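# Survey of secondary and tertiary structure
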Amino acid sequence: MNTPVTVTVTGAAGQIAYSLLFRIAAGGVFGPTTPVRLRLLEIPAAVRAADGVAMELFDAAFPLLADVEVTDDPAVGFDGADAAFLVGAKPRGKGAERAELLADNGGIFGPQGRAIAGHAADDVRVLVVGNPANTNASIVAAAGLPAGHVTAMTRLDHNRALAQVSAASGVPVARLQRMTVWGNHSATQFPDIAELRDAATGERLADRLSPEWVADEFIPRVARRGSEIIDVRGASSAASAASAAVDHMHDWVHGTPEGDWVSVALPSDGSYGVPEGLVSSFPCCSVDGEWEIVRGLEIGADQRARIDATVADLQAEAATVRSLGLV
Ligand code: NAD
Ligand code: LMR
């Protein structure tokens, strides 16, 4: 057995956490030989419900679950954290855009960023899930956490894009490599199949799928999938979001598969013309436990226009953050 890892999940009484916590406790993120100590952080009004979740975690008798603590104090919740899933935030309702949540949710992330900087492990890995995820992550990063250690989740968009292409092409998800989601986890995101290939044959999916299907069905479908789920399910995605969070942190810790990459939103280093510091989604590999942006991809005119549009959306959210005095 390895040394136990301490994992903080905020919004522990919420929908996503109800799936996520059990996947983490079962070893789905850190592996079958690493015990986990869970810290469940909630607001005071939801601590009792989080206590109930902790009781269920106990009842599941997970062999890897070393300890569970419920708290409403960020200093306690992030104490010694090796990984933090920042899920706790309000979801949007039908017909709303995620950016409209900034006024309600943005204020959560400055104090949490500072608590992480003050109490978590020096090399803590942070994944922001609460929406609007990219911009909330930029608020967390402003607390001065190590470069590259604050990320936002676009893995759900990445997985949705893989699922759509697999259904349309007949190529199993397991054989699809090099999907990219650029930009914001919003309706302006750009799911990009330019580099996508069938690992078994080497075939480029862009040669198999019609450009009309990609432009008129695939891109809008993936970009609007969150709204579609809210419409049909009556609540925002939860189990698929938890699954994507597991995938994100798993690959960060264990590395991305040879020849493949995944989509990760992190502070830009200026790559692909995305202004430095903007938390934007890029194709990334995890190497020795650190995310690295994949370099040197050719960007055509249509890709450039779509990346610029989602970057403009992020810049508008950054302006809202400044006007609300959140950083
Ligand atoms: P939910 O309403 O079921 O649960 C949210 C929980 O967060 C609640 O229990 C609430 O008490 C708690 N919370 C609120 N403020 C908190 C704080 N300051 N500290 C700790 N906990 C706090 O919502 P959910 O369905 O679990 O979704 C959570 C967030 O994740 C939403 O903002 C949603 O839009 C977002 N989301 C993001 C993605 C993504 O792909 N990035 C996917 C799905 C959902
Ligand atoms: C999603 O993509 O499902 C989440 O961001 C929830 C939402 O508001 O769409």
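Keep in mind that what you see is a predicted model, and the values were worked out from it rather than measured. (Residues numbered from 1 in each chain as written. Chains lettered and ligands numbered in written order. Predicted model: local features only at pLDDT ≥ 70, side-chain atom pairs only at ≥ 80, totals over all residues. Heavy atoms only, no water.)

Let us look at the site of ligand 1. Gln-15, Glu-42, Lys-90, Val-129 and Asn-131 are the nearest of the 27 residues found near ligand 1. Here Gln-15 contributes a backbone N or O atom positioned 2.8 Å from an oxygen atom of ligand 1. Separating an oxygen atom of ligand 1 from a backbone N or O atom of Lys-90 is a distance of 2.9 Å. When ligand 1 is considered free in solution it has 870 Å² of accessible area, and contact with the protein chains removes 86% of it. (Near = heavy atom within 4 Å. Polar contact = N/O pair within 3.5 Å; in protein donor to acceptor, adjacent residues only side chain to side chain. Areas by Shrake-Rupley, 256 points an atom, 1.4 Å probe, with all protein chains shown as cover.)

Along its 13 residues, helix α2 (residues 47–59) runs 18 Å from first to last C-alpha, staying within 8% of the 18 Å computed at 1.5 Å per residue. Of the positions making up α2, those classed as buried are Val-47, Ala-50, Val-53, Ala-54 and Leu-57. The buried residues of α2 all sit within an arc of 110 degrees when viewed along its axis, so they share a single face. Opposite its buried face, α2 presents the exposed residues Arg-48, Met-55 and Asp-59, each directed more than 90 degrees away. Each element contacted by the buried residues of α2 is listed here: α1 (15–25), β2 (36–41) and β3 (65–71). (Helix = DSSP H or I, 4+ residues; strand = E, 2+ residues; numbered from the N terminus. Expected span 1.5 Å × (residues − 1). Buried < 20%, exposed > 50% of the residue type's maximum accessible area, 1.4 Å probe, protein only. Arc of directions from axis to C-beta. Contact = heavy atoms within 4.5 Å.)

Entries for the protein in the domain assignment read domain 1 (5–152) and domain 2 (155–318). The straight-line distance from the C-alpha centre of domain 1 to that of domain 2 is 23 Å. Of the roughly 2,900 Å² buried at the junction of domain 1 and domain 2 (both faces included), carbon and sulfur atoms supply 58%. Contact with domain 2 buries area across many residues of domain 1, yet Arg-98, Arg-125 and Asn-134 alone supply 23% of it, more than any other trio. In this structure, the connection of domain 1 to domain 2 is made through two salt bridges. (Domains from an automatic or database assignment. Buried area = accessible area lost by both parts, 1.4 Å probe. Salt bridge = Lys/Arg side-chain N within 4 Å of Asp/Glu carboxyl O.)

Here we come to the pairing of β2. For β2, the tally of buried residues reaches five of six residues, placing the bulk of the element in the interior. Sheet topology note: the strand β1 (residues 5–10)/β2 ladder contains six bridges and is parallel. When the bridges of β2 are listed, Val-9 appears paired with Leu-40. Once you follow β1 into α1 and on to β2, the crossover reads as right-handed. Bridge analysis of β2 against β3 gives six bridges, and the strand direction is parallel. Within β3, the residue paired with Leu-38 across the bridge is Val-68. Each parallel crossover has a hand, and for β2 linked through α2 to β3 it is right-handed. (Pairing = 2+ DSSP bridges. Right-handed = clockwise from strand over helix to strand, strands pointing away.)

As a further point, take the site of ligand 2. Inspection of the region around ligand 2 gives Arg-92, Arg-98, Asn-131, Leu-156, Arg-160, His-185, Gly-226, Ile-230, Ser-236 and Ser-237 as its neighbouring residues. For ligand 2, whose accessible area on its own is 260 Å², the fraction buried by protein is 94%. Cavity membership is defined here by more than half of the atoms lying within 2 Å of grid points; on that basis ligand 2 lies in the largest pocket. If you list the elements that add at least two residues to the shell around ligand 2, you get α6 (155–169) and α8 (225–233). (1 Å grid on protein atoms, 1.4 Å probe; cavity = no way out; pocket = protein on both sides within 12 Å on 5 of 7 lines; lining within 4 Å. Sits in = over half its atoms within 2 Å of the grid points.)

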